[in-house]
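One letter stands for each residue in the lines below.
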Amino acid sequence: MSTIEQNLQDVRARIAAISRNCARSPEEVTLLAVSKTKPVTAIEEAIAAGQYAFGENYVQEGVDKIHYFADKHQGHPLEWHFIGPLQSNKSRLVAENFAWCHTVDRLKIAQRLSVQRPAEMPDLNILIQVNISDEQSKSGITLAELPALAANISELPKVNLRGLMAIPAPETDYQKQLAVFEQMHQAFLTLKAQYPQMDTLSMGMTDDMPAAIAAGSTLVRIGTAIFGARA
Ligand SMILES: *Cc1c(COP(=O)(O)O)cnc(C)c1O
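Note that residues are indexed from 1 along each chain, following the sequence as it is written. The predicted origin of the model limits local features to residues at a pLDDT of at least 70 and limits the giving and counting of side-chain atom pairs to 80 or more, whereas totals for whole chains, interfaces and linings rest on all residues. Note that water and hydrogens are dropped before the side-chain values are worked out from all heavy atoms of the structure.

*Asks:* Whenever I open this one, the UniProt feature "modified residue: N6-(pyridoxal phosphate)lysine" (unreviewed entry) in the protein chain confuses me. Can you help?
*Replies:* As annotated in UniProt, the feature "modified residue: N6-(pyridoxal phosphate)lysine" (unreviewed entry) corresponds to Lys36 in the numbering used here. Secondary structure elements are taken from DSSP: a helix is a run of H or I of four residues or more, a strand is a run of E of two residues or more, and numbering for both begins at the N terminus. Inspection of the secondary structure puts Lys36 in the loop between β1 (30-34) and α2 (40-48). Judged by its relative accessible area of 15%, Lys36 falls in the buried class. UniProt positions are given in the numbering used here, feature names are shortened, and annotations may be inferred rather than shown by experiment. Only protein chains enter the accessibility calculation, which uses a 1.4 Å probe; a residue is then buried when its area is under 20% of its type maximum, exposed when over 50%, and partly exposed in between.

*Asks:* What's the story with the site of the ligand in this structure? I'm lost.
*Replies:* Taken together, 13 residues lie near the ligand, and Lys36, Asn57, Thr206, Arg221 and Thr224 sit nearest. Contacts described as polar in this section are N or O atom pairs within 3.5 Å, which, within protein, must combine one atom able to donate a hydrogen with one able to accept it, while residues neighboring in sequence count only if both atoms come from side chains. In this structure, an oxygen atom belonging to the ligand sits 2.7 Å away from a side-chain N or O atom of Asn57. At 2.5 Å, a side-chain N or O of Thr224 approaches an oxygen atom of the ligand. Surface accessibility follows the Shrake-Rupley procedure with a 1.4 Å probe radius. Residue values consider only the protein chains on display as shielding. A total of 390 Å² of accessible area belongs to the ligand in isolation, and the protein chains cover 92% of it. Classification used: nonpolar for Ala, Val, Leu, Ile, Met, Phe, Trp, Tyr, Cys and Pro, charged for Asp, Glu, Lys and Arg, polar for all others including Gly. Broken down by class, the residue content of the shell around the ligand amounts to six nonpolar, four polar and three charged. Each residue is tested against the molecule or strand, and it is near if at least one of its non-hydrogen atoms lies within 4 Å.

*Asks:* For this particular structure, what's the right way to read the nonpolar core?
*Replies:* In summary, soluble globular proteins display a tendency toward joint burial of nonpolar side chains. The nonpolar core is taken to be a set of buried Ala, Val, Leu, Ile, Met, Phe, Trp, Tyr and Cys residues, with the residues joined through side-chain atoms within 4.5 Å. If you look at the biggest cluster of nonpolar residues, it comprises 65 residues, and the most contacted ones within it are Phe54, Cys101, Leu113, Ile126, Ile128, Leu164 and Ile226. With seven residues, helix α7 (residues 174-194) is the largest single contributor of residues to this core. It only takes one pair of heavy atoms within 4.5 Å for two residues to be counted as in contact. Ignoring sequence-local partners within four residues, the contact set of Ile226 consists of Ile4, Asn7, Leu8, Val11, Leu31 and Ala33. One finds Val34, Ala53, Ile83 and Leu219 within the second-largest nonpolar core, a separate group that totals five residues.

*Asks:* I keep staring at the pattern of salt bridges and nothing clicks. Help me out?
*Replies:* Pairing between side chains of opposite charge can happen when their charged atoms approach one another. We count a salt bridge whenever a side-chain nitrogen from Lys or Arg sits within 4 Å of a carboxyl oxygen from Asp or Glu. All chains considered together, the criterion is met by seven salt bridges. Close ionic contact of Glu61 with Lys65 constitutes a salt bridge, the shortest N to O distance being 2.6 Å. Of this pair, Glu61 and Lys65 are both found in helix α3 (residues 59-72), four residues apart, which corresponds to roughly one turn of the helix. On the basis of relative accessibility, which here comes to 22%, the residue Glu61 falls in the partly exposed class. Assessed through its relative accessible area of 6%, Lys65 is described here as buried. One salt bridge in this structure joins Glu96 and Arg92, with 3.4 Å as the shortest N-O distance. With Glu96 and Arg92 both in helix α4 (residues 91-97) and four residues apart, the pair spans about one turn of that helix.

*Asks:* Looking at this structure, how should I read the packing of aromatic side chains?
*Replies:* To describe a pair of aromatic rings, you give the distance between the ring centres and the angle between the ring planes. Two rings belonging to Phe, Tyr or Trp (six-membered ring only in the last case) form a pair when the distance between their centres is within 6.5 Å. Interplanar angles under 30 degrees mark stacking, angles over 60 mark edge-to-face geometry, and anything in between is tilted. What the rule picks out here adds up to four aromatic pairs. Considering the side-chain rings of Phe69 and Trp80, the 6.1 Å spacing of their centres and the 35° angle between planes classify their relative orientation as tilted. Taken together, the residues Phe69 in helix α3 and Trp80 in strand β3 (residues 79-82) connect sequence positions 11 residues apart. Each member of the pair Phe69 and Trp80 is classed as buried. With a centroid separation of 5.5 Å and 70° between ring planes, the pair formed by Phe82 and Phe98 is classed as edge-to-face. Pair noted here: Phe82 is in strand β3 and Phe98 is in the loop between α4 and β4 (100-104), with a separation of 16 residues, a long-range link. Per residue, the accessibility class of Phe82 equals that of Phe98, and both read buried. By way of ring pairs, the aromatic residues Phe54, Tyr68, Phe69 and Trp80 are connected into one cluster.

Rendered as structure tokens:
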């Protein structure tokens, strides 16, 4: 068995165990394999182990991989998520190539994605990125700005507002991680009451996955625990 296959089995088992511990069903938690900076051979190993959803942070690197697998891969369809910071001048590449964008944090970007999404493709699934705790980061909006942005985005054609995403500031204490993720979950439930199509709360990485799942994450973005440390 390859290391990546073994790692994937371990991560899946951890997701299942953590979910059961907090009385959630493991099927409620989607595993997104974050393959940024990793070669296509690593992704091929993950595919062989039954992983079909991948997250990429850099537009051109992600598009190159999407094209590579579109030409080559014959089996189960792959689903590509853009999870990195998005500049306006790169939005077209995201709109034309990815199935999801997790990092929408201003109306202008959502409008561009809406206009640039090709008519023949299904709607682009988008998440609003919330800056829940990381004052250093310039990405993400505040919770106070969320209702207005969600209202504006939900009117746009060719994009489907599926939920929220957050990258909290690094924190090693489980209870502190949990408190931040619970704020996100509360914001998600409040918004979902108004927009029933919202079904995705993207939070949890290698170092804070247990707290994210306990707080209600529906999608964890895991890189290191699957592919090993990045250079
Ligand atoms: C790199 C990255 C991840 C994966 O982080 P790991 O700690 O390697 O699991 C998840 N989400 C985002 C937005 C990232 O940039």
